[in-house]
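# Summary of the model geometry
These are the residues of each chain, in order.
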Amino acid sequence: MTVIVKKTTQLIAGMVFLYGIYVIIHGHLTPGGGFAGGVVMAGSFILLILAFGSDFMHLTKEESGSTLYENLAILVVVFLSVSGLLYGARIFFLNWLPKGTAGELVSAGMLPLYNIFVGIEVASSILTIFLALVIFKEETLE
Amino acid sequence: MNPLIPLFVIIPLAGAFLIMIIGKFLSGFGRYFTSAILLSLVVFSIYSLFTGSGTLSLYKVGGWEPVNRIPIGIYMVMDGFTVIVLCIINIIGFLSAFYSISYIKRYTSENFYYALFCLMTAGMNGVVLSGDLFNIFVFMEISVIAAYALVAFGVEKNELEATFKYQVLGCLASFMILIGIGFIYWKAKTLNIADIKEVLSSGYDRTYYLVVQILILSGFGLKAAIIPFHAWLPDAHSSAPSPISAMLSGVLIKAVGIYVIIRLFFNMFELSENMSVLITTLGALSMVIGVFLAIGQWDIKRLLAYHSISQMGYVVLSVGAGMILVAQGEKPEIATLAIAGGIFHLVNHAVFKGLLFLNAGAIEYTIGTRDLKEMGGLAKQMPATSATSFIASMSISGIPPFNGFFSKLIIIIACVMAKFYLLAALAVLVSIITLASFLKFQRYAFYNKTDRGREKTIKEVPFPMLFSMVIMSLLCVLLSLLAIPDIRDTILGPAIDILMDPVKYSTQIIGI
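Residues numbered from 1 in each chain as written. Chains lettered and ligands numbered in written order. Predicted model: local features only at pLDDT ≥ 70, side-chain atom pairs only at ≥ 80, totals over all residues. Heavy atoms only, no water.

Every regular strand shows the same layout, with side chains that alternate between the two sheet faces. Residues and elements named next belong to chain B. For strand β1 (residues 57-61), the tally of buried residues reaches 5 of 5 residues, placing the bulk of the element in the interior. Because side chains alternate across β1, one face comprises the buried residues Ser57, Tyr59 and Val61, and the other comprises Leu58 and Lys60, equally buried. Taken together, the 5 bridges between β1 and strand β2 (residues 74-78) define a ladder with antiparallel strand orientation. Bridge pairing links Val61 to Ile74 in β2. (Buried < 20%, exposed > 50% of the residue type's maximum accessible area, 1.4 Å probe, protein only. Helix = DSSP H or I, 4+ residues; strand = E, 2+ residues; numbered from the N terminus. Pairing = 2+ DSSP bridges.)

The following block contains the structure:
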């Protein structure tokens, strides 16, 4: 890609990433949430890879990292949902944290936590799918 | 609330992701961990079968209580029928996972295999336990998407073609199911099965719900491979690795297909005679056509896959005959017998078809082919495989004293008592043709002389594979005990009660 594309992507990618984080942490207040924000976050990585081209060895390393993050995030989500089961009430998916006042950023108990980890999960899994497709193409070219 | 209920979904789901993480650093972890997970689920399901199967227990996820007796949260329901299906899912799952310990060593990336295996089990347990339509859909997708990947696990040409066919038809089925669920939600304004029953009981638009019933029946019929929808099954079930074929044929088509059809048509929709006749006809068709397609096959796993269609025909036919009687409102004791026969055959089929696929896997593992014409004389080299497959073959063809005989006998007696003489005659005829095709399997695989000089190199399969096959053949013999009326009433009785009484399920759930 040309210098123009590379420089613009460098400028934009950070903003896109920040916007993804914004959508995720305001998930319980505004439209969007873990899934939408996660897709936006993955978009920033994909932009960078598209603009700077793919280095095959580098990508396989990155793919194993993103798989690890994906599995860890989903495990944390499972753990959070089970925490209600362990908390004493024996209820799966219990929202046992204090609820706070409605409309504030830190409120709604467990929901922001679920959103954050679902966001990480979605971002890393979409990145993994993208990388898998790129790696597959590189492998067939050789 | 019974705290065991969510564990059936949580344990395999968490296990799948743990395998992916720990398996990266510790090779061989997934191999033993999957068996351990499924063994714990077997213990839980058998415990639930013997303690709480008479009563219906309910789990409200997130602790959301109903408002004005209208359920608003996600409900997980465990009743007599659920417990039986849970038992077969987890027992066959455990034996297949244990069998995989030696079988899957030949493939690369074992971790993916075991993680997908756990996901598939979690999805099936979820479908069976879920108390509302949308969660049935979600869990069904979890299990069938894992199944798509597992069918393609060998990544050869055949496997990819089979999985592509399976995916296209599976997506079509999911689409029809989702549209059907959407139509129900539009009119009934609720997704909870018990609540929909309540809404429908105060009058409904018959034409509208006929369309919905057809959509739901075609969708789940595609997943269950009833005859006009069976095209994907022979390819998919024969290309998958053998333990997965055992899971797909033994459990998946029942848990996401037959179970849901039975549950929705008995406990959610009002039983109508037209619909019951349609279901019975589909069952009879798949029973007859399936067996005629099977008898000409020379690939063992294809032969077994076609027999799955035929044997599921027995289950659908028998349950459908029960449905007709319930819809007519006469002879409840014969309807009970027909439904009991259907559920009994469902359990039996899981065991003997699972065992036959494991046998086919063992043959493929030792001599590396699935073509019957290239086998022969294996009985001397592989005595245990030969003996267990003999038991399974006799069981599926309905020879006493094995379990298949008793369930087919109950089905035929029920059909005769209900004066469905044609169905009874067809059931006997299909049983005879089944016997013929399994005698062919026995003769060509185990007894025929072979002219190849490879006798010395063939050995019996390793211990994990043997263990699973022997346990399943013991189950084949032991399950025939269910034919004794007292034992049948304690094990299958609660399941039949919940299906026979059209409002029992919904009133119990709304009442809690």
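Moving on from the model shown.
All names here are of chain A. A cluster of nonpolar residues, Leu18, Ile21, Ile25, Leu29, Leu105, Val106 and Ile116, forms a patch on the protein surface that exposes about 580 Å² of accessible area. By residue number, the principal contributor to the nonpolar patch is helix α1 (residues 3-25), which donates 3 residues. Tracing the backbone shows Ile116 in helix α4 (residues 111-141). Exposure remark for Ile116: the relative accessible area of 31% places this residue in the partly exposed category. (Patch = residues over 30% accessible without salt bridge, like charges linked within 9 Å, V, L, I, M, F, W, Y side chains within 5 Å. Areas by Shrake-Rupley, 256 points an atom, 1.4 Å probe, with all protein chains shown as cover. Salt bridge = Lys/Arg side-chain N within 4 Å of Asp/Glu carboxyl O.)

Now for the side chain of Thr34(B). All names here are of chain B. Examined against the element boundaries, Thr34 turns out to sit in helix α2 (residues 29-51). For Thr34, a relative accessible area of 1% puts it in the buried group. Among the polar contacts listed, one links the side chain of Thr34 to the backbone oxygen of Gly30, at a separation of 2.6 Å. Ignoring anything within four residues of it in the chain, the contact list for Thr34 reads Ile19, Ala97, Tyr114, Phe117 and Cys118. (Polar contact = N/O pair within 3.5 Å; in protein donor to acceptor, adjacent residues only side chain to side chain. Contact = heavy atoms within 4.5 Å.)

This next bit is on the pattern of salt bridges. All names here are of chain B. This model, assessed by the stated rule, comprises 7 salt bridges over all chains. Here Asp235 ties to Arg302 by a salt bridge, and the two come within 2.8 Å at their closest N and O atoms. Highlighted residues: Asp235 in helix α9 (residues 233-239) and Arg302 in helix α12 (residues 300-328), separated in sequence by 67 residues. Taking relative accessible area as the criterion, Arg302 reaches 23% and is therefore assigned partly exposed. It is possible to trace a salt-bridge network through shared partners that takes in Lys165, Asp235 and Arg302.

As a further point, take the interface of chain B and chain A. If you look at the interface, chain B gives 16 residues, while chain A gives 15 residues. Sorting the residues of chain B by area buried against chain A places Ile10(B), Phe17(B) and Ile21(B) first, and these three jointly supply 34% of that buried surface. Run the count over chain B and chain A and you get 0 salt bridges. When residues of the side of chain B that touches chain A are traced back to their parent elements, those giving at least two are α1 (4-25) and β1 of chain B. Counted by class, the side of chain B that touches chain A contains 12 nonpolar, 2 polar and 2 charged residues. (Buried area = accessible area lost by both parts, 1.4 Å probe. Nonpolar A, V, L, I, M, F, W, Y, C, P; charged D, E, K, R; others polar.)

Detailed reading of the predicted coordinates is not advisable wherever pLDDT falls low. Averaged over all residues, the pLDDT of chain B is 88; the fraction at 70 or higher stands at 97%. Looking at the elements of chain B, mean pLDDT is at its lowest for helix α14 (residues 378-381) of chain B, recorded as 79, and at its highest for helix α5 (residues 133-151) of chain B, recorded as 93. (pLDDT = per-residue confidence, 0-100.)

Side chains of residues three or four places apart in an α-helix project in the same direction, reflecting 3.6 residues per turn. Here helix α6 (residues 157-188) of chain B is 32 residues long and its end C-alpha atoms lie 46 Å apart, about the 46 Å a rise of 1.5 Å per residue gives. Once α6(B) ends, the next one or two residues include Lys189(B), with phi positive near 60 degrees. (Expected span 1.5 Å × (residues − 1).)

Attention shifts here to helix α3 (residues 80-103) of chain B. With 24 residues, α3(B) should cover 34 Å at 1.5 Å per step; its first-to-last C-alpha distance of 34 Å lies within 8% of that length. For α3(B), the tally of buried residues reaches 23 of 24 residues, placing the bulk of the element in the interior.

Our next topic: the nonpolar core. Residue and element names in this part refer to chain B. If you look at the biggest cluster of nonpolar residues, it comprises 192 residues, and the most contacted ones within it are Ile184 and Phe269. At 21 residues, helix α13 (residues 332-367) tops the list of elements feeding residues into this core. Among all residues touching Phe269, those that are not within four sequence positions of it are Ile184, Lys197, Leu200, Tyr209, Val212, Gln213, Ile216 and Leu264. If you look at the next biggest cluster of nonpolar residues, it comprises 14 residues, including Met287, Ile411, Ala424 and Ile433. (Core = buried A, V, L, I, M, F, W, Y, C linked by side-chain atoms within 4.5 Å.)

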